[in-house]
Amino acid sequence: MKQTQNVEELQAISKRIRRHIIEMTGAAKSGHPGGSLSAVEIVVTLFFDVLRHDPERPDWPDRDRFILSKGHGCPVLYAVMAECGYCPVDTLKTLRKLGSPYQGHPDKRFLPVLEASTGSLGQGLSLALGMGAAARLDGKDWRVYVVLGDGEIQEGQIWEAAMFGAHHKIDNVVAIVDYNKIQLDGFVKDIMDLEPLAEKWRSFGWHAIELDGHDIRALQAAFAQAKGVKGKPTVIIAHTIKGKGVSFMENNPKFHGIAPTAEEVALALRELA
Amino acid sequence: MAVKTKFELKLGMATREAFGKALVAVGRDNRNVVAVDADLSKSTFLNLFAKEFPERFYSCGIAEANMVGVAAGLASAGKIPFAASFSCFVLNKGFEQLRVLAAYPNVNVKIAGTHSGISIGEDGPSQMSVEDISLACSLPGFTVLSPCDEVETAALVKLAAEHIGPVFLRLGRAKAPVVHAPDQTFEIGRSIELTEGSDVTLIATGLMVAEAIRAQEHLESEGISARVIDMHTIKPLEVEAIRRAAAETRAIVVAEEHLVDGGLGVRVAQAVAEISPCPMEFVGIQNTYAESGTPEQLLEKYGLTARDVIAAAYRVLHRKQ
């Protein structure tokens, strides 16, 4: 694969990933399209620009690690990893089918190139910090990136982990909150408000950056800034739009966990042409 | 009497203390061994490791879910983490993390649960762990170890570190009688026949091994030949020893400091039912939580003494006829 810093190229890749997400969830007739679409620029920028990795050598010990803690958003991860060359593109539409590498939530047993099996919310940050601690113990400079859902950080374990990361000064870990403002039952602010979110993380001892999670330039700058932050971990609070890129899915709680119908797939693909 | 010389049953260290000491030795041999703590290192004896290897010791504060997650992360990056806490806290508060981050991806974490059973005494039921065998055994791929004394603990800690895959070690707070000779060899998944016997088999784990030995001595004095098996590996269970016990003695008592529901007894019964059904009796805690008291008072009140094993042996012998 070829990594790039060119924003137009990354935007073009993002559009291709969005098409995959629509086709995959449409074919599966279930899944979580909204929270996959909101994280597209985040995951694309990481894999196609920021991460030090090599799909030819998935077990390279010095690779950067990526964990999708919000495992239900796996269509975006599968599509990006397939486009990188980790796994086949042509079988992406077997998502959620028996025996598929593209299980309903990320499952290392079926897709060994994944760094973690996730799906139960709240757990990925602890895992990332343990990995970061191991890298530091070995004197290695690889880094760990973990994407958290906004609803997910209502879990208490996230804040246990937040304290741990700051206390142990694990500065090789970057958490990205995909703050799309919607969770299963509705709007985050109505279910369990997270605000003031950046202040929460700062008060827990993290370096916090807020940005538009669909602005690739801003993401690139934030990841570069995070590399320079020493003595504390970094969190990027990425303001995103659930269902981003498809007009009738945007900001629509219905598409948290409902797949598009055949007509909706056709409509969405027309918008993403 | 030969048997009595063999089993002096002198009080030794608690298995938690033997664990702490053994982990330091394991840490000296393998620098990939790390320790993860949730503010109980003085109680779990993880403080010994922390003192010798401060850079390989991670304090999590009172946060067991994160502790298990961090351990899984360390293991995913090639470390051999031992996460220790009271058994009830790590297994109950960390269970979901053990399930999704350790068992499901088959990660190489080692979980040490101290203060198992009711012999922790005065602290009472919120600190007691009477369902940990059931919980740990319900995790696919986990190896579940339950040593009875300091000798066995030291050996099993070393074997746990060498074993690739998740392990749960069940340890106790109370000082434990020394059952095994210093030169005894141990193997994960291989039980130890402590006495030969032809009338009844007493299968025990943890603190109940010593009680089973005491019961055996009493039964012998009454002309009953009891085989005693130390089942230190609860999962994977050694079916061959159970097969022989069922075939040769046709009566089995299982004794454990755990709820009878879902514990060693149930697992042995499953094997017996599959191989060679015979009468069985179960010594364990009966569908309740204990209370504050001295360990001795509690073990007596909740039916976990040699006397209870003897009574169970007579019941099973009666049913055998």
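Residues numbered from 1 in each chain as written. Chains lettered and ligands numbered in written order. Predicted model: local features only at pLDDT ≥ 70, side-chain atom pairs only at ≥ 80, totals over all residues.

Looking at the overall build of chain A
Point 1. In terms of helices and strands, chain A carries 10 helices and seven strands.
Point 2. A compact globule built from 273 residues would reach a C-alpha radius of gyration of about 19 Å, and chain A, at 17 Å, matches this within 12%.
Point 3. Taking the principal axes of its C-alpha atoms as reference, chain A extends roughly 50 × 45 × 35 Å.
Point 4. Here chain A, with 273 residues, has 56% of them falling under the buried criterion. (Helix = DSSP H or I, 4+ residues; strand = E, 2+ residues; numbered from the N terminus. Rg over C-alpha atoms; globule rule 2.2 N^0.38 Å. Buried ≥ 20, exposed ≤ 12 C-beta atoms within 10 Å, placed from the backbone.)

Overview of the packing of helix 10 (residues 208–221) of chain B against helix 14 (residues 306–320) of chain B
All names here are of chain B.
Point 1. Helix 14 packs onto helix 10 with a crossing angle of 55° between their chain directions and a minimal axis gap of 8 Å. Here helix 10 is positioned oblique relative to helix 14, judged by the angle of their axes. Here the hand of the crossing between helix 10 and helix 14 comes out right-handed. Two secondary-structure elements touch here, helix 10 through Glu-211, Ala-212, Arg-214, Ala-215, His-218 and Leu-219 and helix 14 through Ala-306, Val-309, Ile-310 and Ala-313.
Point 2. Class assignment for the residues of the contact of helix 10 with helix 14 results in seven nonpolar, one polar and two charged. (Axes fitted to C-alpha atoms, helices over the stretch in contact; angles between N-to-C directions. Parallel < 35°, antiparallel > 145°, perpendicular 65-115°, else oblique. Left-handed = near helix turned anticlockwise from the far one by under 90°. Contact = placed C-beta atoms within 7 Å. Nonpolar A, V, L, I, M, F, W, Y, C, P; charged D, E, K, R; others polar.)

Here's the deal with the interface of chain B and chain A
Point 1. In this assembly, 23 residues from chain B lie in contact with 22 residues from chain A.
Point 2. When residues of the side of chain B that touches chain A are traced back to their parent elements, those giving at least two are helix 5 (64–76) and helix 7 (95–103) of chain B.
Point 3. The element that contributes the greatest number of residues to the side of chain B that touches chain A is helix 5 of chain B, accounting for nine residues.
Point 4. Looking at the side of chain B that touches chain A, its residues break down into 13 nonpolar, seven polar and three charged.

Section: the domain arrangement of chain B
All names here are of chain B.
Point 1. Taken domain by domain, chain B holds domain 1 (14–177) and domain 2 (189–320).
Point 2. Here domain 1 and domain 2 have C-alpha centroids that lie 25 Å from each other.
Point 3. Counting residues at the interface gives 28 residues for domain 1 and 30 residues for domain 2.
Point 4. Of all elements in the fold, only helix 8 (132–137), strand 6 (143–145), helix 9 (150–162) and strand 8 (175–177) reach the threshold of two or more residues within the side of domain 1 that touches domain 2.
Point 5. When grouped by side-chain class, the residues that make up the side of domain 1 that touches domain 2 number 15 nonpolar, nine polar and four charged. (Domains from an automatic or database assignment.)

Some words on unusual backbone geometry
Leave glycine aside and you will find that most residues have negative phi; peptide bonds, for their part, are mostly trans.
Point 1. Residue Glu195(A) is joined to Pro196(A) through a cis peptide bond whose omega torsion reads -5°.
Point 2. Locating Pro196(A) in the fold gives a position in the loop between helix 7 (188–192) and helix 8 (197–203).
Point 3. Residue Pro236(B) is bonded to the preceding Lys235(B) through a cis peptide linkage, with omega at 0°.
Point 4. Its place among the elements puts Pro236(B) in the loop between strand 12 (233–235) and helix 11 (239–249).
Point 5. The backbone phi angle of Lys181(A) is positive, close to 75°, even though this residue is not glycine.
Point 6. Positive phi, close to 65°, is recorded for Phe45(B), a residue that is not glycine.
Point 7. As for its placement among the helices and strands, Phe45(B) is situated in the loop between helix 3 (41–44) and helix 4 (46–52).
Point 8. Overall, the presence of 26 C-beta atoms within 10 Å leaves Phe45(B) in the buried class.

A short note on the sheet that holds strand 7 (residues 167–170) of chain B
Residues and elements named next belong to chain B.
Point 1. Ordered in space as 3-2-4-5-7-6-12, the seven strands form an open sheet in which the pairing is mixed. Only two strands of the sheet have a single neighbouring strand rather than two, namely strand 3 (57–59) and strand 12. Strand-to-strand twist of the sheet, defined as the mean angle between neighbouring strand axes without regard to direction, takes the value 20°.
Point 2. By the bridge criterion, four bridges tie strand 5 (residues 110–114) to strand 7 in an arrangement that is parallel. Residue pairing across strands places Ala-112 opposite Leu-169, the latter belonging to strand 7.
Point 3. On the sheet, helix 9 packs against strand 2 (33–37), strand 4 (80–86), strand 5, strand 6 and strand 7 and is oriented at approximately 170° with respect to strand 7. (Pairing = 2+ DSSP bridges.)

Observations concerning the nonpolar core
Point 1. Counting 207 residues, the largest nonpolar core has Val43(A), Leu169(B), Leu202(B), Ile252(B), Val253(B), Val309(B) and Ala313(B) as its most contacted members.
Point 2. Counting contributing residues, this core receives three or more from each of domain 1 (14–177) and domain 2 (189–320) of chain B.
Point 3. When sequence neighbours within four positions are dropped, the list of residues in contact with Leu202(B) reads Ala212(B), Ala215(B), Gln216(B), Ala226(B), Arg227(B), Val228(B), Val253(B), Ala255(B), Val309(B) and Ala313(B). (Core = buried A, V, L, I, M, F, W, Y, C linked by C-beta atoms within 7 Å.)

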